[in-house]
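The chain contents come next:
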There are 2 protein chains.
Amino acid sequence: MQPDRLSLTFSALADPTRRAILARLVRGEATVTELAKPFDMSGPAISKHLKVLENAGLITRGREAQWRPCKLETVALKNVDEWLEHYRALWEARFDRLDEYLHGLQGKKPKEKKRARKK
Amino acid sequence: MQPDRLSLTFSALADPTRRAILARLVRGEATVTELAKPFDMSGPAISKHLKVLENAGLITRGREAQWRPCKLETVALKNVDEWLEHYRALWEARFDRLDEYLHGLQGKKPKEKKRARKK
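### A closer look at the interface of chain A and chain B
Stage number 1. Across the contact, 27 residues belong to chain A and 27 residues belong to chain B.
Stage number 2. Across the chain A/chain B interface, buried area totals approximately 2600 Å², and carbon plus sulfur atoms make up 69% of it.
Stage number 3. When residues of chain A are sorted by the area they lose upon contact with chain B, Arg19, Tyr87 and Trp91 of chain A head the list and together hold 22% of the total.
Stage number 4. Taken together, the links from chain A to chain B amount to four salt bridges.
Stage number 5. A salt bridge links arginine 19 of chain A to aspartate 4 of chain B, with the shortest nitrogen-to-oxygen separation between them at 2.7 Å.
Stage number 6. The tally of links between chain A and chain B comes to eight residue pairs in polar contact (both at pLDDT 80 or more).
Stage number 7. Within the residue set of the side of chain A that touches chain B, elements represented by two or more residues are α1 (5-13), α2 (16-25) and α5 (75-107) of chain A.
Stage number 8. Ranked by the residues each element gives to the side of chain A that touches chain B, the list is headed by α5 of chain A, at twelve residues.
Stage number 9. Of the residues in the side of chain A that touches chain B, the class split is 16 nonpolar, four polar and seven charged.

### Comments concerning the confidence of the model for chain A
All names here are of chain A.
Stage number 1. Per-chain confidence: chain A averages 83 in pLDDT, with 87% of residues scoring 70 or above.
Stage number 2. No element of chain A has a lower mean pLDDT than helix α6 (residues 111-118), at 41, and none a higher one than α1, at 97.
Stage number 3. Segment residues 110-119 is flagged for pLDDT under 50; beyond a separation of four residues in sequence, or across chains, it makes two contacts in the model.
Stage number 4. ipTM for the predicted complex: 0.76, alongside a pTM of 0.77.

### Digging into helix α1 (residues 5-13) of chain B
Residues and elements named next belong to chain B.
Stage number 1. Counting buried positions over the nine residues of α1 gives seven, a clear majority of the element.
Stage number 2. Within α1, the full set of buried residues consists of Leu6, Ser7, Leu8, Thr9, Phe10, Ala12 and Leu13.
Stage number 3. Of the residues that open α1, the one with a side-chain oxygen 3.3 Å from the backbone nitrogen of leucine 6 is aspartate 4.

### Side note on the packing of helix α2 (residues 16-25) of chain B against helix α4 (residues 43-55) of chain B
Residue and element names in this part refer to chain B.
Stage number 1. One way to put it is that α2 packs onto α4 with a least axis distance of 10 Å and a crossing angle of 75 degrees. Classified by the angle between their axes, α2 and α4 sit roughly perpendicular to one another. Between α2, through Thr17, Arg18, Ile21 and Leu22, and α4, the contact on the second element is made entirely by Ile46, His49, Leu50, Val52 and Leu53.
Stage number 2. Taken together, the residues of the contact of α2 with α4 break down into six nonpolar, two polar and one charged.

### Some details on the side chain of arginine 24 of chain A
All names here are of chain A.
Stage number 1. With respect to the secondary-structure elements, arginine 24 resides in helix α2.
Stage number 2. No salt bridge is formed by the buried arginine 24; the nearest opposite charge belongs to glutamate 34, separated by 4.5 Å.
Stage number 3. With residues up to four places along the chain from it excluded, the contact list for arginine 24 reads Glu29, Ala30 and Leu35.

### Regarding the side chain of threonine 9 of chain A
Stage number 1. With respect to the element layout, threonine 9 of chain A can be found in helix α1.
Stage number 2. Judged by its relative accessible area of 3%, threonine 9 of chain A is buried.

### Here we look at the packing of aromatic side chains
Residue and element names in this part refer to chain B.
Stage number 1. Throughout the structure, instances matching the rule amount to five aromatic pairs over all chains.
Stage number 2. Ring plane angle 75 degrees and centroid distance 5.4 Å describe the contact between phenylalanine 10 and tryptophan 83, whose orientation is recorded as edge-to-face. Note that phenylalanine 10 is positioned in helix α1 and tryptophan 83 in helix α5 (residues 75-107), a separation of 73 residues in sequence. Comparing phenylalanine 10 with tryptophan 83, the two get one shared label, buried.

Calculation rules
- Residues numbered from 1 in each chain as written.
- Chains lettered and ligands numbered in written order.
- Predicted model: local features only at pLDDT ≥ 70, side-chain atom pairs only at ≥ 80, totals over all residues.
- Heavy atoms only, no water.
- Contact = heavy atoms within 4.5 Å.
- Buried area = accessible area lost by both parts, 1.4 Å probe.
- Salt bridge = Lys/Arg side-chain N within 4 Å of Asp/Glu carboxyl O.
- Polar contact = N/O pair within 3.5 Å; in protein donor to acceptor, adjacent residues only side chain to side chain.
- Helix = DSSP H or I, 4+ residues; strand = E, 2+ residues; numbered from the N terminus.
- Nonpolar A, V, L, I, M, F, W, Y, C, P; charged D, E, K, R; others polar.
- pLDDT = per-residue confidence, 0-100.
- Buried < 20%, exposed > 50% of the residue type's maximum accessible area, 1.4 Å probe, protein only.
- Axes fitted to C-alpha atoms, helices over the stretch in contact; angles between N-to-C directions.
- Parallel < 35°, antiparallel > 145°, perpendicular 65-115°, else oblique.
- Lys, Arg positive; Asp, Glu negative; His and termini not counted.
- Phe/Tyr/Trp six-rings, centres within 6.5 Å; stacked < 30°, edge-to-face > 60°.

Here you go:
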């Protein structure tokens, strides 16, 4: 079974070297040689990482045979952002519930009844 | 080498069943049996996924031997959100650059020179 798009993206991001490559590409396009430099890695090792990133749609590469600059693509990252949105709402809702609870304490004090029954 | 925290999180999220488990836990705590139901999966198969999620800090589990309810933890997801922030700025910056470019066109019209040369 072929992994779904979002799983491919998360899997590609689960590596510090690949995340560092993306961070470098924020500054602009770069060749394999330029990308390999800061990592003290061989060209083939970097190429392997680039293939994973390309397969996940996180980067695209130029068509020129020798000079194939890598370019960051933001669509896949936006999909992660949209997926996260659901959970962002959750942690914001937790703050709202805490707020409601604190307001409740000032009014009805619902916990008192339970404590009274135990006596 | 032990993978870093963020790599562990991304790796755990790179599976549709594990993401579906997290989506279920948004509605509240659940036991392994409750989580296994919608997936038509065995308890041990679900337990394996839960271990990956727990190891990545995405969920915690209760202490009770039999009833060990799973609870969603948002800290690891917030770390993903913070990591994304850097890239969010990038796609917003691209809009700004486009805006600058369009303003530039109204002023200097730099492309006209090039076209004139071709004639």
